[in-house]
Amino acid sequence: MFPYRSASSVLFDLHRGRVHAATLMEETLEHIENVNPIVNAIVGLRDRTSLIAEARHADKSGPQGALHGLPVAVKDLVNVAGVTSTQGSSLFRDFVPDHDDVLAARLRAAGAILIGKTNTPEFGLGSHTFNSVYGVTRNPYNLELSCGGSSGGAAVALATGMLSLADGSDMMGSLRNPAGWNNVYGFRPSWGLIPNQPKADSFLHQLSTLGAMARSPQDIAILLKELVYSDPYQPHCLHDVNVTLIDDISLDGLRLAWLGNWNEAFPMEEGILSVCEHSISVLQEAGAIIETPVPPFDAERLFQSWITLRSWQIVADLGSPEIKVGALKDTAIWEIEKGRALSALDVHYASCVRSEWFRTVSMMLDTYDAFLLPTAQVWPFSTDIEYPVEIAGVAMDTYHRWMHVMVPASLAGLPVLAMPAGFSRAGLPIGLQLIGRRGFDARLLSIGVAYDAITGWVTTRPPLQNR
């Protein structure tokens, strides 16, 4: 009954007593037991007895928040009190925190029942979800292929109906790529809209952000309402951005820029651009004005700025003495070594490029409502490889160069809605990034609602439902 129902409809029934939280929990756990062994998306699952008891208590206490009684699993980069929280690393295989991170605490306060975790690569590095603790998460549209990452477990849990809402985090496409590869929606908000977990530094690192995933833009707005808040003790927080003002808008006259492969700067596997362009033509048929301007900035300058600032942030997070660097995977070691070799001026000049790009893209968005890019440069690849080493004959010089298409939005801290764009001839999903001006988050979600009503891509469910 409950798998694949929207979060909004389930919550409507829960709040009115038409559905009991215990019944929802029982059916959710039964569905997880049937599906999760195939895809390995949900990890650290709490025991059934405790979860059913918590759901029954929710039924007795009555609605306590907007997410009252809803089963939710959070990404395994978020600490949850009493739940094994590994960050995908064998270093934390047995770590059970005694308190919640802010995100988990806010979900609890909203009435959600935290059932466990969603799988992620080690420390969220790399857009392929596998680790030495829980293993690989598989793409439900083809079990031999990657589901993306680092929010891969979240995307697969949504695509297979095990969850109706999921949190994600996004530095270099960590929720956008898996959304595209699993035919769901993912939202990277304007940087600062959802404050990050407080840690040693709150001023300097402005690349990664928490976000939301679901099977519709409307459901994303439900989760965002609980995650967005203003923290007076953190700098750079955005104020007065209401993400719940989702308007019923017309696409007629909407001006969108399709930047495709960035004037051939982003190598693309065959078929990705044509599938995306088909969905863009649907927008055009609905009245949107689609233009293909020359990309306004040099792609290589963007990338070099990005990898400098990224390695600088990662070494700040993982380069501490308590982390045994030699025990990490090769890509994490690469980031730490690169970060340690940077000078202060290296970081300064990279940030100057970032500032120049922010001014440039803001001027472009004076002309356009949003711009569009694919959610990846390759189709889902084999789970047997860690990352693609070439695209269409072009060698990749870093482990994440194949995600270059994610850099423009991330570097400027812009909001992005990753939207399903259709399927390859082999039945593999890909998505579109709808990228807008900082602070225009609700506007992007409104466009997404109109797009979803026209395309209906999410209704093409993975073949697992027929097993």
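I will try to describe carefully the structure that is included in this document. This is a predicted model, so every value here is computed, not measured.

## Thoughts on the overall build of the chain
A count of helices and strands for the chain gives 13 helices and 17 strands. If you line up the chain on its principal axes, its C-alpha atoms span 60 × 55 × 45 Å. Out of the 467 residues belonging to the chain, those deemed buried represent 62%. The long-range share in the chain, meaning contacts at least 24 apart out of those at least 6 apart in sequence, stands at 77%. In the form shown here, the chain has an accessible surface area of approximately 17600 Å², with 51% of it arising from carbon and sulfur atoms. Taken as two groups, the 34 positive and 48 negative side-chain charges of the chain have centres that lie 3 Å from each other.

## Regarding the nonpolar core
Core analysis: the largest hydrophobic core is formed by 145 residues, its most contacted members being Leu107 and Phe371. With near-sequence residues (within four places) excluded, Phe371 lies in contact with Ala257, Leu259, Val361, Met364, Leu365, Leu414, Gln433, Leu434 and Ile435. Formed by 12 residues, the second largest nonpolar core is a distinct cluster that contains Phe123, Ile323, Ala332 and Ile336.

## Re helix α5 (residues 152–159)
An α-helical turn contains 3.6 residues, so a residue and the one three or four places further along point in the same direction. Counting buried positions over the eight residues of α5 gives eight, a clear majority of the element. Listing the buried residues of α5 in full gives Gly152, Gly153, Ala154, Ala155, Val156, Ala157, Leu158 and Ala159. Of the residues one or two after α5, Gly161 is the one with positive phi, at around 80°.

## Some points on the packing of helix α9 (residues 299–318) against helix α11 (residues 344–367)
Two elements in contact, α9 and α11, have axes separated by 9 Å at closest approach and are oriented at 130°. The angle between α9 and α11 falls in the class oblique. For the pair α9 and α11, the sense of crossing is left-handed. Every residue of α11 that contacts α9 at Arg301, Leu302, Ser305, Thr308, Leu309 and Trp312 is listed here: Asp346, Val347, Ala350, Ser351, Val353, Arg354, Glu356 and Trp357. Along the lines of polarity and charge, the residues of the contact of α9 with α11 split into seven nonpolar, three polar and four charged.

Cut-off values and rules
- Residues numbered from 1 in each chain as written.
- Predicted model: local features only at pLDDT ≥ 70, side-chain atom pairs only at ≥ 80, totals over all residues.
- Heavy atoms only, no water.
- Helix = DSSP H or I, 4+ residues; strand = E, 2+ residues; numbered from the N terminus.
- Buried < 20%, exposed > 50% of the residue type's maximum accessible area, 1.4 Å probe, protein only.
- Contact = heavy atoms within 4.5 Å.
- Areas by Shrake-Rupley, 256 points an atom, 1.4 Å probe, with all protein chains shown as cover.
- Lys, Arg positive; Asp, Glu negative; His and termini not counted.
- Charge placed at Lys NZ, Arg CZ, Asp CG, Glu CD.
- Core = buried A, V, L, I, M, F, W, Y, C linked by side-chain atoms within 4.5 Å.
- Axes fitted to C-alpha atoms, helices over the stretch in contact; angles between N-to-C directions.
- Parallel < 35°, antiparallel > 145°, perpendicular 65-115°, else oblique.
- Left-handed = near helix turned anticlockwise from the far one by under 90°.
- Nonpolar A, V, L, I, M, F, W, Y, C, P; charged D, E, K, R; others polar.

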